Amino acid sequence: MAEDRLPREVIAMRVAQELPDGGYVNLGIGIPTLVSQFIPDDRTVVYHSENGVLNYGPMATEEEQDVDLINAGGQFLAPVQGMAFFHSAEAFAMIRGGHIDVTVLGALQVSETGDLANWMVPSRGIGNIGGAMDLAAGARRVIIAMEHTTPKGDFKIVQNCTFPLTAKHCVSLICTDVAVISVTSEGLVLDEVAPGWAPDEVQAITGATLKVSRNLKEIAL
Amino acid sequence: MPINKMVNSFKDAVADVPQGSVIMMGGFGGPGGMPQQLILALRDQGAKELTIISNTAGLPGFGSVAGQEVINHSLLVENNQVRKIIASFPVSPSASRPNAFELAYRAGDVELEMVPQGTLAERIRAGGAGIPAFYTPTGIGTVVAEGKENRVFDGREYLLERNLTANYAFLRADQADTLGNAVYRGSSRSFNALMAPAAGITILEVDEIVQPGDLDPEAIVTPGIYVNRIVKR
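Residues numbered from 1 in each chain as written. Chains lettered and ligands numbered in written order. Predicted model: local features only at pLDDT ≥ 70, side-chain atom pairs only at ≥ 80, totals over all residues.

**Brief notes about the overall build of chain B**
Here's step 1: What chain B contains, in helices and strands, is six helices and 11 strands.
Here's step 2: Radius of gyration (C-alpha) of chain B: 18 Å, near the 17 Å computed for a compact globule of 233 residues.
Here's step 3: With the C-alpha coordinates of chain B rotated into their principal frame, the extents come out at 55 × 45 × 35 Å.
Here's step 4: Sorting the 233 residues of chain B into buried and exposed places 53% on the buried side.
Here's step 5: Nonlocal contacts in chain B, meaning residues at least 24 apart in sequence, comprise 79% of its contacts between residues at least 6 apart. (Helix = DSSP H or I, 4+ residues; strand = E, 2+ residues; numbered from the N terminus. Rg over C-alpha atoms; globule rule 2.2 N^0.38 Å. Buried ≥ 20, exposed ≤ 12 C-beta atoms within 10 Å, placed from the backbone. Contact = placed C-beta atoms within 7 Å.)

**So, the overall build of chain A**
Here's step 1: If you tally the helices and strands in chain A, you get five helices and 13 strands.
Here's step 2: Taking 221 residues into account, the globule formula puts the C-alpha radius of gyration at 17 Å, and chain A, at 17 Å, falls close to it.
Here's step 3: Each principal axis of the C-alpha distribution contributes one length, and for chain A these read about 50 × 40 × 30 Å.

**Focus: the sheet that holds strand β5 (residues 133-136) of chain B**
All names here are of chain B.
Here's step 1: Judged by pairing direction, the sheet is antiparallel, and its three strands sit side by side in the order β5-β7-β6 without closing on themselves. Either end of the sheet is taken by a strand with one partner, and the two such strands are β5 and β6 (150-153). If you compare each strand with its neighbour and ignore which way they point, the axes differ by 40 degrees on average.
Here's step 2: Sheet analysis places β6 next to strand β7 (residues 156-162), joined by four bridges and oriented antiparallel. Paired with V152 across the strands is E157, a residue of β7.
Here's step 3: On top of the sheet, helix α5 (residues 117-129) reaches β5 and β7; it is set at about 150 degrees to β5, its chief contact. (Pairing = 2+ DSSP bridges. Axes fitted to C-alpha atoms, helices over the stretch in contact; angles between N-to-C directions.)

**Some details on the pairing of strand β8 (residues 141-145) of chain A**
Residues and elements named next belong to chain A.
Here's step 1: The element β8 is largely enclosed, with a buried count of four among its five residues.
Here's step 2: Across four bridges, strand β5 (residues 102-105) lies against β8 in parallel orientation. Bridge pairing in β8 links V102 to R141.
Here's step 3: Bridge count for β8 against strand β10 (residues 171-175) is four bridges, and the pairing is parallel. Considered in β10, the bridge of I143 is made with L173.

**Quick look at the interface of chain B and chain A**
Here's step 1: Tallying the contact residues gives 43 residues for chain B and 34 residues for chain A.
Here's step 2: The element contributing the most residues to the side of chain B that touches chain A is α5(B), with five residues.
Here's step 3: The class makeup of the residues in the side of chain B that touches chain A is 20 nonpolar, 18 polar and five charged. (Nonpolar A, V, L, I, M, F, W, Y, C, P; charged D, E, K, R; others polar.)

**Overview of the environment of A:V53**
Here's step 1: Examined against the element boundaries, A:V53 turns out to sit in strand β3 (residues 53-54).
Here's step 2: Judged by the 23 C-beta atoms lying within 10 Å of it, A:V53 falls in the buried class.
Here's step 3: For the pair A:V53 and A:A91, spaced 38 residues apart in the sequence, the C-alpha separation amounts to 7.8 Å.
Here's step 4: Not counting the four nearest positions on each side in its chain, A:V53 is found in contact with A:N71, A:L77, A:M83, A:F85 and B:S187.

**With respect to the sheet that holds β3(A)**
Residue and element names in this part refer to chain A.
Here's step 1: Spatial strand order, β4-β3-β2-β1-β5-β8-β10-β11-β12-β13: 10 strands in an open sheet with mixed pairing. Edge positions in the sheet fall to β4 (84-85) and β13 (210-218), since each has one partner strand and no second.
Here's step 2: Direction of pairing for β3 relative to β4: antiparallel, over a ladder of two bridges. When the sheet's bridge partners are listed, V53 is paired in β4 with F85.

**Thoughts on the nonpolar core**
Here's step 1: Among the nonpolar cores identified, the biggest contains 134 residues, and A:A136, A:I144, A:A145, B:M24, B:A169 and B:M195 are the most heavily contacted of them.
Here's step 2: When residues in this core are grouped by element, the largest group, seven residues, is from strand β8 (residues 166-177) of chain B. (Core = buried A, V, L, I, M, F, W, Y, C linked by C-beta atoms within 7 Å.)

**Some thoughts on unusual backbone geometry**
Residues and elements named next belong to chain B.
Here's step 1: Even without being a glycine, E49 presents a positive backbone phi close to 60 degrees.
Here's step 2: Residue position: E49 is located in the loop between α2 (36-45) and β2 (50-53).
Here's step 3: Since 13 C-beta atoms lie within 10 Å of it, E49 is described here as partly exposed.
Here's step 4: Although it is not a glycine, D154 sits at a positive phi angle of roughly 50 degrees.
Here's step 5: The topology assignment puts D154 in the loop between β6 and β7.
Here's step 6: In this structure D154 comes out as exposed when scored by C-beta crowding, with 5 C-beta atoms within 10 Å.

**As for the confidence of the model for chain B**
Here's step 1: Here chain B shows a mean pLDDT of 97. Residues at 70 or above account for 100%.
Here's step 2: In the predicted assembly, ipTM is 0.97 and pTM is 0.97. (pLDDT = per-residue confidence, 0-100.)

**Things to note about α5(B)**
Here's step 1: Compared with the 18 Å implied by 1.5 Å per residue over 13 residues, the 18 Å span of α5(B) between its first and last C-alpha is a close match.
Here's step 2: A large share of α5(B) lies buried, amounting to 12 of its 13 residues.
Here's step 3: Burial in α5(B) covers these residues: B:Q117, B:G118, B:T119, B:L120, B:A121, B:E122, B:R123, B:I124, B:R125, B:A126, B:G127 and B:G128.
Here's step 4: Summarising the contacts, the buried residues of α5(B) are in contact with α3 (88-96) and α4 (132-138) of chain A together with β1 (22-25), β5, β7 and α6 (190-195) of chain B.
Here's step 5: Looking at the residues trailing α5(B), positive phi occurs at B:G130, about 75 degrees. (Expected span 1.5 Å × (residues − 1).)

**Quick notes on the environment of A:I129**
Here's step 1: By the secondary structure assignment, A:I129 is in the loop between β7 (116-117) and α4.
Here's step 2: Residue class for A:I129 comes out buried when judged on the 28 C-beta atoms lying within 10 Å of it.
Here's step 3: Each C-alpha atom of the pair A:I129 and A:T166 lies 7.8 Å from the other, and the pair is 37 residues apart in sequence.
Here's step 4: Leave out the neighbours within four places in its chain, and A:I129 touches A:W119, B:S88, B:M114 and B:P116.

**A word on the packing of α3(A) against α5(B)**
Here's step 1: Direction vectors running N to C along α3(A) and α5(B) enclose 125 degrees, while the axes themselves pass 8 Å from each other. Judged by the inter-axis angle, α3(A) sits oblique to α5(B). Where α3(A) crosses over α5(B), the two elements pack in a sense that is left-handed. Here A:S88, A:A89, A:F92, A:I95 and A:R96 of α3(A) lie close against α5(B), whose contacting residues are B:Q117, B:G118, B:A121, B:E122 and B:R125.
Here's step 2: Residue classes in the contact of α3(A) with α5(B) are distributed as four nonpolar, three polar and three charged. (Parallel < 35°, antiparallel > 145°, perpendicular 65-115°, else oblique. Left-handed = near helix turned anticlockwise from the far one by under 90°.)

Here it is, written out as structure tokens:
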């Protein structure tokens with residue numbers, strides 16, 4: 001019987017292990033935003049925000065809140081040494097130009113070939129593309145941090161996305177509350193499972209076929 | 001005669017905006033970098049059938065300190081002055097709290113052209129730089145690609161995107177001198193500095209006016225050639 005699912009913070013901790021020392025990283029909204037709290041002490045990561053901020057640090061305290069110092073999610077940033085500001089075309093030149101090593105994004109659906117859908121729930125009929133299409137198409141590595149299924153239990157990892165796409169063949173790793181899954185040329189590979197979860201239990205809540213890695217591990221932090 | 005681009009009031013700065021104008025609106029979405037006084041003056045002036053090019057279509061609460069009054073281009077949507085919006089982030093993230101634009105869009109009162117944010121930025125940059133179109137990998141395989149020319153370079157597929165220009169740009173700068181040389185503040189540079197070259201008439205709403213020579217020429221972000229009118233907040 002499957003154990004409880006991992007909390008959002010633990011998904012973020014697992015993703016944090018993927019960020020390289022000295023890497024330039026763009027974090028999306030939601031679970032991805034939490035990742036910066038869990039970077040191992042021996043690593044330095046430089047954060048990029050597509051509204052034109054490089055090298056931001058923690059969020060602002062209430063006293064520090066300044067409408068001219070926000071990230072792309074509208075959160076207030078603390079003023080820190082070494083920040084750089086630039087206009088939006090330059091911010092996206094950094095993304096499209098291959099200067100962002102990793103982006104961590106949320107997802108509504110990810111397909112077995114690494115297609116990503118994360119900007120519109122069809123039932124609403126309208127959504128926000130924002131910077132997601134550029135990040136998915138331009139960052140050197142796209143990691144998805146999300147819950148494995150919707151709150152209703154619908155699959156989010158699927159054979160083919162039915163929601164409008166953000167980009168095709170862009171995702172390389174999916175970190176969820178029950179598993180870590182690589183997108184490979186041979187399909188989805190189950191690399192890690194949450195404590196107490198068996199591969200067939202993960203497969204049962206996944207809408208695409210998972211190959212179980214020969215080196216299958218438990219998610220460790 | 002010495003150049004002086006100062007205009008006495010926001011009312012005077014927007015007085016000649018005709019019906020049907022295309023207007024770029026700076027800022028990223030929150031009150032930081034938003035040309036609030038120019039927006040209020042345009043609401044009072046009343047020009048209709050406008051096309052607004054901006055990152056958002058006017059969001060309540062985004063990037064705001066709690067309790068702050070929200071002044072953005074939502075006011076123009078609410079006042080039935082907007083025919084079309086070109087934006088990357090048009091609606092509230094929360095479906096249960098729709099912004100003025102979403103309500104008008106559902107009522108069929110306003111058109112939307114949604115553009116990925118980086119493509120929006122580059123289209124504006126190209127517009128100011130005299131580049132009619134460019135290829136980008138963003139949007140391949142998505143709804144954004146529908147009806148657009150594709151081309152493969154070095155084995156990768158790209159989309160042809162056209163530039164964007166406007167009749168007016170309403171921008172917010174932190175400091176400007178009377179020649180129009182300007183600097184911004186923090187993350188409020190975003191679309192403001194980018195839009196300055198892309199409009200026929202660029203109007204800066206400025207927090208502090210300084211004299212020529214007061215700004216470090218090495219640090220000027222928008223050179224005065226792009227600026228037509230300056231109004232002090």
